[in-house]
Amino acid sequence: MKKIFLSIFLAGLGINISAQKSIDQKVTELMAKMTLEEKIGQLNQYNDDITATGPITKDADKAGQVRAGKLGSILNAVGTKNTKNWQDQAMQSRLKIPLLFGQDVIHGFRTTFPIPLGETATWDMNLIEKSARIAAIEASAYGIHWTFAPMVDIGRDPRWGRVMEGAGEDTYLGILVGKARVKGFQGNGLGNKDAVMACAKHFAAYGAAVGGRDYNSVDMSLRQLHETYLPPFKAVSDIGVATFMNSFNDINGIPATGNKYIQRDLLKGAWNFQGFVVSDWGSIGEMIPHGFAKDNKDAALKAIIAGSDMDMESRSYTNHLAELVKEGKVDIQLIDDAVRRILTKKYELGLFDDPYRFINEKREKEQANNPEHRKFAREIGSKSIVLLKNENQLLPLSPTTKKVAIIGPFAKATVENHGFWSIAFPDDSQRIVTQFDGIKAQLDKNSELLYAKGCNANDNDKSLFAEAVETAKKADVVIMTLGEGHAMSGEAKSRSNIHFSGVQEDLLKEIAKTGKPIILMINAGRPLVFDWASENIPTIVYTWWLGTEAGNSIADVLFGKINPGGKLPMTFPRNEGQIPIYYNYYNTGRPAKNNTDRNYVSAYIDLDNDPAYPFGFGLSYTTFKYSDFNLSLTELKGNLTLNASIKVTNSGNYDGEEVVQLYIRDLVGKVVRPVKELKGFQKIFLKKGESKTVSFNITPEDLKFYDDELNFDWESGEFDIMIGTNSAQVQTKRVNWEK
Ligand code: BGC
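The name an unreviewed UniProt entry gives the protein chain is beta-glucosidase, with Cloacibacterium normanense as the organism. Quoted straight from UniProt, the Catalytic activity (unreviewed entry) entry for the protein chain says "Hydrolysis of terminal, non-reducing beta-D-glucosyl residues with release of beta-D-glucose." The protein chain has a UniProt comment under Sequence similarities (unreviewed entry) that states "Belongs to the glycosyl hydrolase 3 family."

Put into structure tokens, the structure is as follows:
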């Protein structure tokens, strides 16, 4: 009877028990035939020679190693021709176990989309899921089985260049984005030819590296780890993400790769994760410089015990695991468990039925330049844009403006629009729509688009300033494109100074002296500091790195085809001294009374307390009025549902979208609670003049937190319920909620 219920339940989850059983059996049978060396081979992943983010080890005969069954997976092997060559080698091995091809497909593949931080600014999970879906369709057509995404690290430090790859600073939003991306990549489930395995990375707390320096240490309370950094990982594990990647950092003194607590006890134990864990690039071997392992053999021992299943590029497993097993230091069951996890995924992908099922030249050609995908890239690009200032309503710009000048190092950007983590294809420069081209295409045919580069992104050369100033003088409106080059945010791209690099700000000041109206567009992979611009330029648009269709997406917003509705997923600091900065901080015993209060309070004596732009912030060409905030109850007991509603009216002149945000504060706790925490949001569309009542249901689930003994529960007491247009502008009502 129990069995029947179980199968009905599993069928409801889309899991076919008999298929699962037979995969288990097949894996068992296959493993019975494998030698120890062949098993260890499955735990081994090498880089193809194309691209690399870490030190490369050259192998004399990689193909020979594949034929000898010493390799389970290859990363950075792209394209049907290349992957076919490798798979041919694997088919010559004794047991013909297919290779897995992994790749960093981070924000699109042939069609690139906004960087994940930019996409998060849409606050639209359907769009985010679709972007990952398309990336999977394209990547799988190029022979790829597995993407090393999504990165679900919480990022509160914009000096850390990898914030571009994640969903920003907030755990709640990070959970939703992580889940949407996993669903998109894995589509209708592994086994479909257009589904790739997703990989939750970097496990764990990589975003909290000291000083925003990549690869650095993380030292934090377990409570903080569980409350802020782990939930997005747990959430994607719960929905069946196929793989995890561990991280380079140590956590409280133990490198993540050798960290048994997080990998074996939590992930594979308490969370019951069924997939496998790949190390980060060389991170097993890097436990030596960490000072955690004395040599590669010791590193292999510590990593396998801790639960790292596959060794990316350090060769510790292939060189030492067999010896460790023979010496009795590593239990064969640990190896078997890792092999089983990896083989199971290969079966689930259907690779044992047909090792070449992702290798189809026709499909590859079809996905090389898919117009539908480009159309979508244009849409998600424009929806990722955040309007930071529009004081004089210079935007939207009329396409009949007689003379428009576009000035700045990114005006004719191609690869810069891709951003970090994109694969360079030879036809990129013809495919990527530049800002210049996008704007030109929408300007009236009787109007003129002038151009001057003005300066490079990152040097001290001012020789092009004079020409840029002359160009500005001829124009009615100047669009300036400043920001970061594509290799200025991303892995190993930590910056101590996140102001505009080089002489970009000087150029802006020179152009501003002409008195011409300026629209400043900022292309960047992270929040930058641009305090002078914020004070002096009335119109600022944050465009991130938008991908293949960047120029069209930008033009759609500038000319008002799309009314911008993006909201910041990270707090923008006034300057680097405020970092780390995030909206859900603790109040402290001496909170500042206001923005300029510096009188023996927790503040800087030389800086205002608030950020340049708060989390959740973003303007529209229209305005939204919030009124009639209403709570269904103010005194509650037990497991009730509290309804909070508010009326939002489009009070401006354009139809538009608004993200209505719900925050909660627990006023007194067993441990101190943040001043507010995002607990819900709704993205709504309102026609000009239209109103809608937005309502949120709040239950005790939303009030739970980790206490100092890691119990996850809620407490009786008072709570502030806040609703507003961003984390700083909210209306507040208080409730008393008893258990
Ligand atoms: C990065 C990972 C990436 C891997 C493979 C590492 O350096 O940290 O995020 O997936 O390289 O490219």
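Engineer: I'm lost on the overall build of the protein chain in this one. Help?
Structural biologist: In terms of regular secondary structure, the protein chain is built from 24 helices and 26 strands. Computed over C-alpha atoms, the radius of gyration of the protein chain comes to 26 Å, within 12% of the 27 Å expected from 2.2 N^0.38 for 739 residues, which places it in the range of a compact globule. Reported as C-alpha extents along the three principal axes, the dimensions of the protein chain are approximately 75 × 65 × 50 Å. Considering only residue pairs separated by 6 or more positions, the protein chain has 78% of its internal contacts joining residues 24 or more positions apart. Carbon and sulfur atoms make up 50% of the accessible area of the protein chain, which amounts to about 28000 Å² in all. One way to put it: in the protein chain the 88 positive side-chain charges average out to a point 3 Å from where the 90 negative ones average out.

Engineer: Looking at this model, I keep getting lost on the pattern of salt bridges. Mind explaining?
Structural biologist: Opposite charge on two side chains lets them pair, provided their charged atoms get close. Applying the stated criterion to the full structure yields 47 salt bridges. Put simply, Arg159 and Asp157 hold a salt bridge, and the shortest N to O gap is 2.8 Å. Both residues of the pair, Arg159 and Asp157, belong to the buried class. A salt bridge links Asp720 to Arg734, with the nearest nitrogen and oxygen atoms 2.8 Å apart.

Engineer: Would you explain the packing of helix 21 (residues 465-474) against helix 22 (residues 504-513) in this entry?
Structural biologist: Between two packed helices, the angle of one axis relative to the other and the distance separating the axes together describe the packing. Interaxial distance between helix 21 and helix 22 falls to 9 Å at its minimum, and their mutual angle equals 35°. For the pair helix 21 and helix 22, the sense of crossing is right-handed. In this structure, helix 21 contributes Phe465, Ala468, Val469 and Ala472 to the contact, and helix 22 contributes Asp506, Leu507, Glu510 and Ile511. For the contact of helix 21 with helix 22, the residue count by class is six nonpolar, no polar and two charged.

Engineer: Mind showing me how you'd approach the packing of helix 7 (residues 125-141) against helix 17 (residues 371-384) here?
Structural biologist: Contact pair helix 7 / helix 17: the axes reach a minimum separation of 11 Å and the direction vectors enclose 145°. Crossing hand, helix 7 versus helix 17: left-handed. Here Leu127, Ile128, Lys130, Ser131, Ile134, Ile137 and Glu138 of helix 7 come into contact with helix 17, specifically with His373, Phe376, Glu379, Ile380 and Lys383.

Engineer: What exactly am I supposed to notice about helix 11 (residues 260-270) here?
Structural biologist: Owing to its 3.6 residues per turn, the α-helix aligns residues three or four sequence positions apart on the same side. All of the buried residues in helix 11 are Ile262, Gln263, Arg264, Leu266, Leu267 and Lys268. Capping of helix 11 at its N-terminal end is provided by Asn259; its side-chain oxygen lies 3.3 Å from the backbone amide nitrogen of Tyr261.

Engineer: Help me understand the side chain of Ser553, please; the structure alone is not making it clear to me.
Structural biologist: Inspection of the secondary structure assignment puts Ser553 in helix 24 (residues 550-558). Overall, the relative accessible area of 0% leaves Ser553 in the buried class. There is a polar contact of 3.0 Å between the side chain of Ser553 and the backbone oxygen of Arg378. When neighbours within four sequence positions are excluded, Ser553 is seen to be in contact with Ala377, Arg378, Gly381, Ser382, Ile385 and Leu546.

Engineer: It is not clear to me how the packing of aromatic side chains should be interpreted in this structure. Could you clarify?
Structural biologist: Pairs of aromatic rings are described using the distance from one ring centre to the other and the angle between the two planes. One pass over the structure, following the stated rule, counts 34 aromatic pairs. Ring centres 5.0 Å apart and planes at 70° place the aromatic pair Trp146 and Phe148 in the edge-to-face group. Summarising the burial analysis for this pair, Trp146 and Phe148 share the class buried. Judged by centre distance (5.0 Å) and plane angle (90°), the rings of Phe203 and Phe244 are edge-to-face. Placement of Phe203 in strand 5 (residues 199-203) and of Phe244 in strand 6 (residues 243-246) is noted, with a sequence separation of 41 residues between them. The exposure class of Phe203 is buried, given its relative accessible area of 0%. With a relative accessible area of 0%, Phe244 lands in the buried category.

Engineer: Teacher, can you tell me more about the sheet that holds strand 1 (residues 44-47) here?
Structural biologist: Two strands in a sheet stick together by hydrogen bonds in their backbones, pointing the same way (parallel) or opposite ways (antiparallel). Judged by pairing direction, the sheet is parallel, and its five strands sit side by side in the order 4-3-2-1-10 without closing on themselves. The sheet is open, and its two borders are formed by strand 4 (146-147) and strand 10 (311-312), each paired with just one other strand.

Engineer: Is there a simple way to think about the sheet that holds strand 5 in this case?
Structural biologist: Strand order across the open sheet formed by three strands is 5-6-9, with parallel pairing between neighbours. Each edge of the sheet is formed by a strand with only one pairing partner; in this case those strands are strand 5 and strand 9 (276-278). Strand-to-strand, the axes of this sheet are offset by a mean angle of 25°, without reference to chain direction. With three bridges connecting them, strand 5 and strand 6 associate as parallel partners. Bridge pairing in strand 6 places Cys199 opposite Thr243.

Engineer: What exactly am I supposed to notice about the environment of Gly291 here?
Structural biologist: Here Gly291 shows up in the loop between helix 12 (287-290) and helix 13 (296-306). Note on Gly291: relative accessible area 64%, which makes it exposed. Each C-alpha atom of the pair Gly291 and Ile254 lies 9.7 Å from the other, and the pair is 37 residues apart in sequence.

Engineer: Before we go on, may I ask you to explain the site of the ligand in this structure?
Structural biologist: Asp104, Arg162, His202, Asp280 and Glu491 are the nearest of the 13 residues found near the ligand. For the ligand, an oxygen atom lies 2.8 Å from a polar atom in the side chain of Lys201. Within the side chain of Asp280, an N or O atom sits 2.6 Å from an oxygen atom of the ligand. Across the complex, the protein chains shield 99% of the 310 Å² of accessible surface that the ligand would expose by itself.

Engineer: Please clarify how the domain arrangement of the protein chain should be interpreted in this entry.
Structural biologist: How big an interface is tends to be expressed through the accessible area that disappears when the partners come together. Its domain assignment divides the protein chain into domain 1 (370-578) and domain 2 (624-737). On a C-alpha basis, the centroid separation for the pair domain 1 and domain 2 is 34 Å. Opposite the five residues of domain 1 that make contact, domain 2 presents eight residues. In total, about 550 Å² of surface goes out of reach between domain 1 and domain 2, with carbon and sulfur atoms giving 44% of it. Our count for the domain 1 to domain 2 interface comes out at two salt bridges. Across the pair Glu658 and Lys567 runs a salt bridge, and its minimum N-O distance is 3.0 Å. In this structure, the connection of domain 1 to domain 2 is made through three residue pairs in polar contact (both at pLDDT 80 or more). Grouping the amino acids of the side of domain 1 that touches domain 2 by side-chain chemistry returns one nonpolar, two polar and two charged.

Engineer: I tried to follow helix 9 (residues 222-229) on my own but got confused; where do I start?
Structural biologist: For helix 9, the tally of buried residues reaches seven of eight residues, placing the bulk of the element in the interior. Three or more residues of helix 9 are buried, namely Arg223, Gln224, Leu225, His226, Glu227, Thr228 and Tyr229.

Engineer: Explain unusual backbone geometry to me, please; I cannot follow it from the model alone.
Structural biologist: Comment: phi is negative for the bulk of residues other than glycine, and the bulk of peptide bonds are trans. A cis amide bond links Phe203 with the next residue in sequence, Ala204, at an omega value of 10°. Residue placement: Ala204 occurs in the loop between strand 5 and helix 9. In this model, Leu395 is joined to Pro396 through a cis peptide bond whose omega is -5°. Inspection of the secondary structure assignment puts Pro396 in the loop between strand 11 (386-390) and strand 12 (403-407). Phi at Tyr215 is positive, roughly 75°, even though this residue is not glycine.

About the criteria used
Residues numbered from 1 in each chain as written. Predicted model: local features only at pLDDT ≥ 70, side-chain atom pairs only at ≥ 80, totals over all residues. Heavy atoms only, no water. UniProt positions renumbered as here; feature names shortened; annotations may be inferred. Helix = DSSP H or I, 4+ residues; strand = E, 2+ residues; numbered from the N terminus. Rg over C-alpha atoms; globule rule 2.2 N^0.38 Å. Contact = heavy atoms within 4.5 Å. Areas by Shrake-Rupley, 256 points an atom, 1.4 Å probe, with all protein chains shown as cover. Lys, Arg positive; Asp, Glu negative; His and termini not counted. Charge placed at Lys NZ, Arg CZ, Asp CG, Glu CD. Salt bridge = Lys/Arg side-chain N within 4 Å of Asp/Glu carboxyl O. Buried < 20%, exposed > 50% of the residue type's maximum accessible area, 1.4 Å probe, protein only. Axes fitted to C-alpha atoms, helices over the stretch in contact; angles between N-to-C directions. Left-handed = near helix turned anticlockwise from the far one by under 90°. Nonpolar A, V, L, I, M, F, W, Y, C, P; charged D, E, K, R; others polar. Polar contact = N/O pair within 3.5 Å; in protein donor to acceptor, adjacent residues only side chain to side chain. Phe/Tyr/Trp six-rings, centres within 6.5 Å; stacked < 30°, edge-to-face > 60°. Pairing = 2+ DSSP bridges. Near = heavy atom within 4 Å. Domains from an automatic or database assignment. Buried area = accessible area lost by both parts, 1.4 Å probe.

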